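Survey of secondary and tertiary structure
One-letter residues, chain by chain:
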Amino acid sequence: MTLPDVAGCTAVVTGAASGIGFALAERFAGDGARVVMADVEAPALEQAADRLRERGAQVHPVITDVSDGEAVDALAAEAVDVFGPVHLLCNNAGVGAGGLTWELTTKDWEWVLGVNLWGVIHGLRAFLPGMLAHGEPAHVVNTASLAGHVSAPFMAPYGASKFAVVAISEALFHELAMTGSCVGVSVLCPGWVNTNIHSSERNRPGGGQADAPSGESAGMAVDMLRRVLSSGMDPAEVAALVVDAVREGAFYVFTHPDMMPAVETRAGAILQGHDPQLSMNL
Ligand SMILES: NC(=O)c1ccc[n+]([C@@H]2O[C@H](COP(=O)([O-])OP(=O)(O)OC[C@H]3O[C@@H](n4cnc5c(N)ncnc54)[C@H](O)[C@@H]3O)[C@@H](O)[C@H]2O)c1
């Protein structure tokens, strides 16, 4: 199922205050959609919405913690109240906490899985029934990652959340097809994109950095991430690929063809019974 034109749609984007989410909101609004921008970071969200409004965009910011099911239910209700039935849902909000797996705390796991995995689950549960019921063409984009196909050290909770988002999206693809629904789904699997995800700790519940991992391994992971992200893809290019996928009804949206050998290498190791390979491309 495709959504041939974003113009005139109601779109909802989570994590819309920064990075890929902001680029999606900017692109959809520029193409003539009404955009509900959801994010947990209040000042950044207001600024982001103001930037788009100044250009004449129809946007509506809603402060939302996607790990909170009731908050996502309220977001769905407000989106319909303000802009009408939802045609395009981007479950995009995400955070990363890194470090050696055995040094990570229960709070680290709960936070990353709460946002990256439960955020997607809540989004699907809260929005899909309405999107199916209105009967017009509609589309869901779940942001996973290349890390949903290839594992990397220091990223266990992040990888677990993204592998799960890929699995959920694949299940949903089959369910939507089998039920002949008007809704399509894509899973966005970016490689490195130049965003603020290296400073995810800014959005940890409770504020401050009290629960942030403080060991040497955590510092190494953040430094590594900041370095590679700074030379990553422009988020606007990711948004353009998403719009193409929504129009064409493409399921997998990979952004970095040069990183795909890592996916092949992993599949090869599984099939041949080899140990996991550490990809130098990631
Ligand atoms: N940047 C990359 O290289 C990259 C690669 C693959 C996948 N991704 C994924 O892209 C998505 C967007 O991340 P980004 O790179 O643009 O990072 P970013 O930090 O620039 O943007 C993420 C946004 O999510 C928001 N957010 C965090 N916790 C939230 C919560 N509980 N509820 C609602 N919003 C919340 C943040 O405030 C922020 O505005 C994430 O799912 C991330 O995992 C990013």
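See the structure above.
Here the structure is a predicted model, which means the values were calculated and not measured.

1. Digging into the site of the ligand
- For the ligand, the set of nearby residues contains 31 residues, the closest of which are S18, D39, Y158, V193 and T195.
- In the model, an oxygen atom of the ligand is placed 3.4 Å from a nitrogen or oxygen of the I197 main chain.
- Within the contact set of the ligand, an oxygen atom lies 2.9 Å away from a side-chain nitrogen or oxygen of N203.
- In the complex, 98% of the free accessible area of the ligand, which totals 830 Å², lies under the protein chains.
- Mapped onto the shell around the ligand, the elements with two or more residues apiece are α1 (19-30) and α5 (156-178).
- Residues of the shell around the ligand, tallied by class, amount to 14 nonpolar, 12 polar and five charged.

2. Quick notes on the packing of α1 against helix α2 (residues 42-53)
- The geometry of α1 relative to α2 is characterised by a closest axis approach of 11 Å and an angle of 25° between their N-to-C directions. Here α1 is positioned roughly parallel relative to α2, judged by the angle of their axes. Both α1 and α2 take part in a crossing whose hand is right-handed. Of the residues in α2, those touching α1 at F22, A25 and E26 are A48, R51 and L52.
- Per-class residue counts for the contact of α1 with α2 are four nonpolar, no polar and two charged.

3. Points about the packing of aromatic side chains
- Using the criterion set out here, one finds three aromatic pairs in the structure.
- With a centroid separation of 5.3 Å and an interplanar angle of 65°, the aromatic rings of F173 and F251 are classed as edge-to-face. Remark: F251 occurs in the loop between α7 (235-248) and β7 (252-254) and F173 occurs in helix α5; sequence separation between them is 78 residues.
- On the basis of relative accessible area, F173 is assigned to the partly exposed category, the value being 36%.
- Note on F251 and Y252: the rings are 4.6 Å apart at their centroids and 80° apart in plane angle, and the pair reads as edge-to-face.
- Assessed through its relative accessible area of 41%, Y252 is described here as partly exposed.
- Counting every residue linked through ring pairs, the aromatic cluster contains F173, F251, Y252 and F254.

Conventions used here
Residues numbered from 1 in each chain as written. Predicted model: local features only at pLDDT ≥ 70, side-chain atom pairs only at ≥ 80, totals over all residues. Heavy atoms only, no water. Near = heavy atom within 4 Å. Polar contact = N/O pair within 3.5 Å; in protein donor to acceptor, adjacent residues only side chain to side chain. Areas by Shrake-Rupley, 256 points an atom, 1.4 Å probe, with all protein chains shown as cover. Helix = DSSP H or I, 4+ residues; strand = E, 2+ residues; numbered from the N terminus. Nonpolar A, V, L, I, M, F, W, Y, C, P; charged D, E, K, R; others polar. Axes fitted to C-alpha atoms, helices over the stretch in contact; angles between N-to-C directions. Parallel < 35°, antiparallel > 145°, perpendicular 65-115°, else oblique. Left-handed = near helix turned anticlockwise from the far one by under 90°. Contact = heavy atoms within 4.5 Å. Phe/Tyr/Trp six-rings, centres within 6.5 Å; stacked < 30°, edge-to-face > 60°. Buried < 20%, exposed > 50% of the residue type's maximum accessible area, 1.4 Å probe, protein only.

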